[in-house]
Amino acid sequence: MTRRPIRFYQVGSFAVGNRLLEDEERTVQSDAKRTNSIDSGHRACQGCGEALGARYALDAAMRATNGQLAVVNATGCLEVFSTPYPETSWRIAWLHSLFGNAPAVATGVAAAMRVKGRDVRVIGQAGDGGTVDIGFGALSGMFERNDDVLFICYDNEGYMNTGVQRSAATPPAARTATTEVVGPHPGNVFGQGKDLPRIAMAHDVSYVATATVADLHDLEAKVDKAMSLHGARYLHILVPCPLGWGSASSDTIHLARLAAESGLFPVFEAEHGVVTSVTPIRRRVRVEEYLRRQKRYAHLFATEPATDVIARLQAMADANVARYHLVNDETANSDLEA
Amino acid sequence: MLAQIEGSKAIAEAVARCRPEVVCAYPISPQTHIIEAIGVKVKSGELAPCEFINVESEFAAMSVSIGASAAGARAYTATASQGLLFMLEAVYSAAGLGLPIVMTLANRAIGAPINIWNDHSDAMAARDTGWILLFAESNQDAVDLHVQAFKLAETLSVPVMVCMDGFILTHAVEGVDLPDQENVDAFLPPYVPRQVLDPDQPVSIGAMVGPEAFEEVKYLAHLRQLDALALIPRIATEFSESFNRDAGGLVRGYRMEDAETVVIAMGSVLGTLKDAIDLRREAREKIGALGITTFRPFPEAAVADALRSATRLVVLEKAVNPGGRGVLASDVALSVPRSPLSSVIAGLGGRPITRASLEAMLARAASGDLPAVTFLDLDEAAVAAERARLADVT
């Protein structure tokens, strides 16, 4: 067997554990002393964006709180793949009760910790179903009371655990098992959307941010920032799902990046309801480049491409770009115009 | 300390003396006066360290209680009726996780048609949740049951629901002997959780269990309920030694010594029933009553033992099992399979159960004229008219 040399190659500035970087610039994941909040050996699919997002978010939170962290998990993929009897992947204090109550359970944990005089910080976490649909009332209540909880949504845009059904976070035109590619309007409907980061901002909570698993340093920095604040906070992370999206498991990071670079998923931070920073798009891509790599949109690219549908999706991306001023350098648009 | 006090306020006093650490509730009639009174105590700092959390739904109220209890705090909440149904998923979760939450259920009917008044339909929805369900006969009883409930819950790591009749008890002002703080402190030690959410000793609570172990988990919960049947009388004895009055236990008989006819009931109707029985006794009728204090786990052996020499059983209850006999009647029938039993449904949606109605019902029972299922005090004409109208339509 020939020995393969280690290749120090640069993948933009987003690479994880890039050995060309100075120690302080490297991700915590390359540190042998990292907390490993969710241990390896769990049963997530290959290329699972949620497992990756949760690992980075919780490791960063453990670091920020010096290990004084308790996590409340909603029912969903993350709960199921991490705790099959009799095993658990969690090396942190972890509690699961139901699908729709994680924000309220987290409130209870935070209250108990205060009463007990313990400086233990609390994170609630759920997929998009547990956040924007069934857990929405509890989440809004938690925001409104300004309970001392960071709630993290790992958004893979559907009910993947139950077999890829539509959630309120499923984008228009996407195929799911309950928005099949049949009838005059194949895929999901063009609804009004349910933009949880903006709904969170409307609650005027101290911190709202979005992130993707394509930019893990950014994700870690946002968790760090969130844990430096108190009261209700919200972090919405886009986590591609190879199973539900019909994408290659090797494409998870790439798709997350394309979602941001197309403008379909704006990456930003807001404090007390006001956007304070955005991650600018450096190389803007047309939505087709993002959509084409996913089987859930395959019907848009049949023999006769659904140009009208694609145009509507492009318009959504354009609206995001305009709303969040995602392009501050005209050269970023050059690809788009070409 | 004797006080002339509303039932809800008495419960608030009793719960306060149990030193809860997190109280979370959502308002619903007729539970509101309880949580209002506790809310004042928490907000004024009287119960510090204790947090009172106003939430957006009963589902959240039970969920916050779950989080607080799992993180080691003594948690209390209260609800009624639709509120219990709305939180039911979390009610099961609390029991499954073995969290010793105490909840007052201010018993109220279930809609539709919407009705805010008393019956026991709500508690019936919780009968298989894995919670211990205790029924209070009076406000004194309700106060004493709450003090016992925390001890019972925390000893077994099982949640306990104390059921008290909405309005009839919660809004009735009467004399109640409120337990003194030092007596409660001596009776109820601080809560030491069996397992706790603690970053210094991290555990995963609420993990998934598949077919390979789920039945064992549920069987262990079943055994825990059987343990409760042994523990409840012991705690009642301990309570009576500490507070010099009787409360709690599994069942309580009234004039049962030579009773041939026994009426079995739960809750405040036992007061009226005892008066009716006294009157029948004056007419030399051999009649008694059996009050069910512990409805879940159902004390089959204690019920069978209490009813061993009765020849005629009447189960009087404020809940309906449409198309069948009453829920309590079914439980009693399983405990004493060979005894003839009449199921009497009464007091639904707050209809008063008067002594006169009960006397008439007891007279029918004595003459063997009580059918298998009776709805007490029906407006027969209204029912007949509606049946006739429906017959025309179909």
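Residues numbered from 1 in each chain as written. Chains lettered and ligands numbered in written order. Predicted model: local features only at pLDDT ≥ 70, side-chain atom pairs only at ≥ 80, totals over all residues. Heavy atoms only, no water.

Topic: the overall build of chain B
Counting its secondary structure elements, chain B contains 14 helices and 16 strands. On C-alpha atoms alone, chain B measures out to a radius of gyration of 21 Å, which is about the 21 Å that the 2.2 N^0.38 rule sets for 394 residues. Over its C-alpha atoms, taken along the principal directions, chain B stretches across nearly 70 × 55 × 45 Å. Within chain B, the fraction of its 394 residues that count as buried is 57%. Sequence separation of at least 24 residues holds for 80% of the intrachain contacts in chain B that already meet a minimum separation of 6. For chain B, the computed accessible surface area is about 16000 Å², with 54% contributed by carbon and sulfur atoms. Across chain B, the centroid of the 32 positively charged side chains sits 5 Å from that of the 49 negatively charged ones. (Helix = DSSP H or I, 4+ residues; strand = E, 2+ residues; numbered from the N terminus. Rg over C-alpha atoms; globule rule 2.2 N^0.38 Å. Buried < 20%, exposed > 50% of the residue type's maximum accessible area, 1.4 Å probe, protein only. Contact = heavy atoms within 4.5 Å. Areas by Shrake-Rupley, 256 points an atom, 1.4 Å probe, with all protein chains shown as cover. Lys, Arg positive; Asp, Glu negative; His and termini not counted. Charge placed at Lys NZ, Arg CZ, Asp CG, Glu CD.)

What to know about the overall build of chain A
Within chain A, the secondary structure is distributed over 12 helices and 8 strands. Evaluated residue by residue, chain A yields a buried proportion of 56% over its 338 residues. Sequence-distant contacts, at least 24 apart, represent 71% of the contacts inside chain A between residues at least 6 apart. Total accessible area on chain A stands at roughly 14600 Å², and carbon and sulfur atoms take up 51% of it.

Looking at the packing of aromatic side chains
Applying the stated criterion to the full structure yields 11 aromatic pairs over all chains. Taken together, a centroid distance of 6.2 Å and an interplanar angle of 85° make the contact between A:Phe99 and A:Tyr159 edge-to-face. Of the two residues, A:Phe99 sits in the loop between β2 (93-96) and α3 (102-115) while A:Tyr159 sits in the loop between β4 (149-155) and α6 (196-202), which places them 60 residues apart along the sequence. By way of ring pairs, the aromatic residues B:Phe135, B:Phe295 and B:Phe298 are connected into one cluster. (Phe/Tyr/Trp six-rings, centres within 6.5 Å; stacked < 30°, edge-to-face > 60°.)

A word on the packing of helix α1 (residues 7-17) of chain B against helix α2 (residues 32-43) of chain B
Residues and elements named next belong to chain B. At a minimum axis separation of 8 Å, α1 and α2 run at an interaxial angle of 45°. For the element pair α1 / α2, the angle class is oblique. Between α1 and α2 lies a crossing of right-handed hand. Contacts from Ser8, Ile11, Ala12, Glu13, Val15 and Ala16 in α1 reach His33, Ile34, Ala37, Ile38 and Lys41 in α2. A per-class count over the contact of α1 with α2 returns 7 nonpolar, 2 polar and 2 charged. (Axes fitted to C-alpha atoms, helices over the stretch in contact; angles between N-to-C directions. Parallel < 35°, antiparallel > 145°, perpendicular 65-115°, else oblique. Left-handed = near helix turned anticlockwise from the far one by under 90°. Nonpolar A, V, L, I, M, F, W, Y, C, P; charged D, E, K, R; others polar.)

Structural notes on the interface of chain B and chain A
Every contact between the two is made by 39 residues of chain B and, on the other side, 38 residues of chain A. Between chain B and chain A, roughly 2900 Å² of surface is buried when both sides are summed, and carbon and sulfur atoms account for 63% of that area. For chain B, the biggest contributors to the area lost against chain A are B:Leu197, B:Pro199 and B:Met208; these three give 20% of the whole. Linking chain B with chain A are 5 salt bridges, by the criterion used here. We note a salt bridge from A:Arg118 to B:Asp200, for which the minimum N-O separation is 3.1 Å. Our count for the chain B to chain A interface comes out at 16 residue pairs in polar contact (both at pLDDT 80 or more). Elements represented by at least two residues in the side of chain B that touches chain A include exactly β3 (51-54), α3 (58-70), α5 (88-96) and β9 (204-205) of chain B. When β2(A) meets β9(B), the two strands line up parallel, connected through 2 bridges. The partner of A:Trp94 across the bridge, within β9(B), is B:Ser204. (Buried area = accessible area lost by both parts, 1.4 Å probe. Salt bridge = Lys/Arg side-chain N within 4 Å of Asp/Glu carboxyl O. Polar contact = N/O pair within 3.5 Å; in protein donor to acceptor, adjacent residues only side chain to side chain. Pairing = 2+ DSSP bridges.)

Digging into the pattern of salt bridges
Residue and element names in this part refer to chain A. Counted by the stated rule, this structure contains 40 salt bridges over all chains. As a salt-bridge pair, Asp218 and Lys222 come within 2.8 Å of each other at their nearest N and O atoms. Residue Asp218 and its partner Lys222 are located together in helix α7 (residues 216-227), separated by 4 residues, close to a single helical turn. Across the pair, exposure class does not vary: Asp218 and Lys222 are buried alike.

A few points about the packing of helix α1 (residues 49-64) of chain A against α7(A)
Residue and element names in this part refer to chain A. At their nearest, the axes of α1 and α7 sit 9 Å apart, and the two run at 40° to each other. One finds that α1 runs oblique with respect to α7. For α1 against α7, the interelement crossing comes out right-handed. Contact with α1, carried on its side by Leu52, Gly53, Tyr56, Ala57, Ala60, Ala61, Arg63 and Ala64, involves Leu216, Leu219, Glu220, Val223, Asp224 and Met227 of α7 and no other residues of that element. Here the contact of α1 with α7 is composed, by residue class, of 10 nonpolar, 1 polar and 3 charged.

Some points on a nonpolar patch on the surface
Taken together, B:Val320, B:Leu348, B:Val373, B:Phe375, B:Leu378 and B:Val383 make up a surface patch of nonpolar side chains, about 410 Å² in accessible area. Topologically, B:Leu348 is positioned in the loop between β15 (341-345) and α13 (355-366). (Patch = residues over 30% accessible without salt bridge, like charges linked within 9 Å, V, L, I, M, F, W, Y side chains within 5 Å.)

Observations regarding the side chain of B:Lys151
All names here are of chain B. The topology assignment puts Lys151 in helix α7 (residues 139-156). Under the relative-accessibility criterion, Lys151 is labelled buried at 13%. With sequence-adjacent residues up to four places away left out, Lys151 is seen in contact with Phe187, Leu188, Pro189, Ile235 and Glu238.

With respect to the pairing of β2(A)
Residues and elements named next belong to chain A. Neither face of β2 is open: one carries Ala93 and Leu95, the other Trp94 and His96, and all of them are buried. Here strand β1 (residues 69-73) pairs with β2 via 4 bridges, running parallel. If you follow Val72 over to β2, its bridge partner there is Leu95. A crossover connection joins β1 to the parallel β2 through helix α2 (residues 77-82); in handedness this β-α-β unit is right-handed. (Right-handed = clockwise from strand over helix to strand, strands pointing away.)

Comments concerning the domain arrangement of chain B
All names here are of chain B. One can read the domain layout of chain B as domain 1 (2-193 + 205-243) and domain 2 (251-380). At the junction of the two partners, domain 1 supplies 26 residues and domain 2 supplies 23 residues. Carbon and sulfur atoms make up 57% of the area that domain 1 and domain 2 hide from each other, which totals about 1900 Å². Applying the counting rule to domain 1 against domain 2 returns 12 residue pairs in polar contact (both at pLDDT 80 or more). Counting only elements with at least two residues in the side of domain 1 that touches domain 2, the list comes to α6 (121-125), β6 (132-135), α7 and α9 (214-243). In the side of domain 1 that touches domain 2, the residues fall into 15 nonpolar, 5 polar and 6 charged. (Domains from an automatic or database assignment.)

Some thoughts on the sheet that holds strand β7 (residues 160-165) of chain B
Residue and element names in this part refer to chain B. In space, the 7 strands of this open sheet follow the order β3-β2-β4-β5-β7-β6-β13, with mixed pairing throughout. Single-partner strands in this sheet number two, and they are β3 and β13 (294-296). Ignoring strand direction, the axes of neighbouring strands in this sheet form an average angle of 20°. With 2 bridges joining them, β6 and β13 adopt antiparallel strand pairing. Looking at the pairing, Leu133 lines up with Arg296 of β13. In this fold α2 packs onto β2 (22-25), β3, β4 (75-79) and β5 (102-107), with an angle of close to 135° to the strand it touches most, β3.

Details of the state of the cysteines
Under the counting rule described, the total for this entry stands at 0 disulfides over all chains. The structure places no disulfide on A:Cys77, whose sulfur is separated from the nearest cysteine sulfur, that of A:Cys241, by 6.4 Å. Assessed through its relative accessible area of 22%, A:Cys77 is described here as partly exposed. Between B:Cys24, a free cysteine, and B:Cys50, which holds the nearest cysteine sulfur, the sulfur-to-sulfur gap is 11 Å. Judged by relative accessible area, B:Cys24 falls into the buried class, the value being 0%. (Disulfide = S-S within 2.5 Å.)

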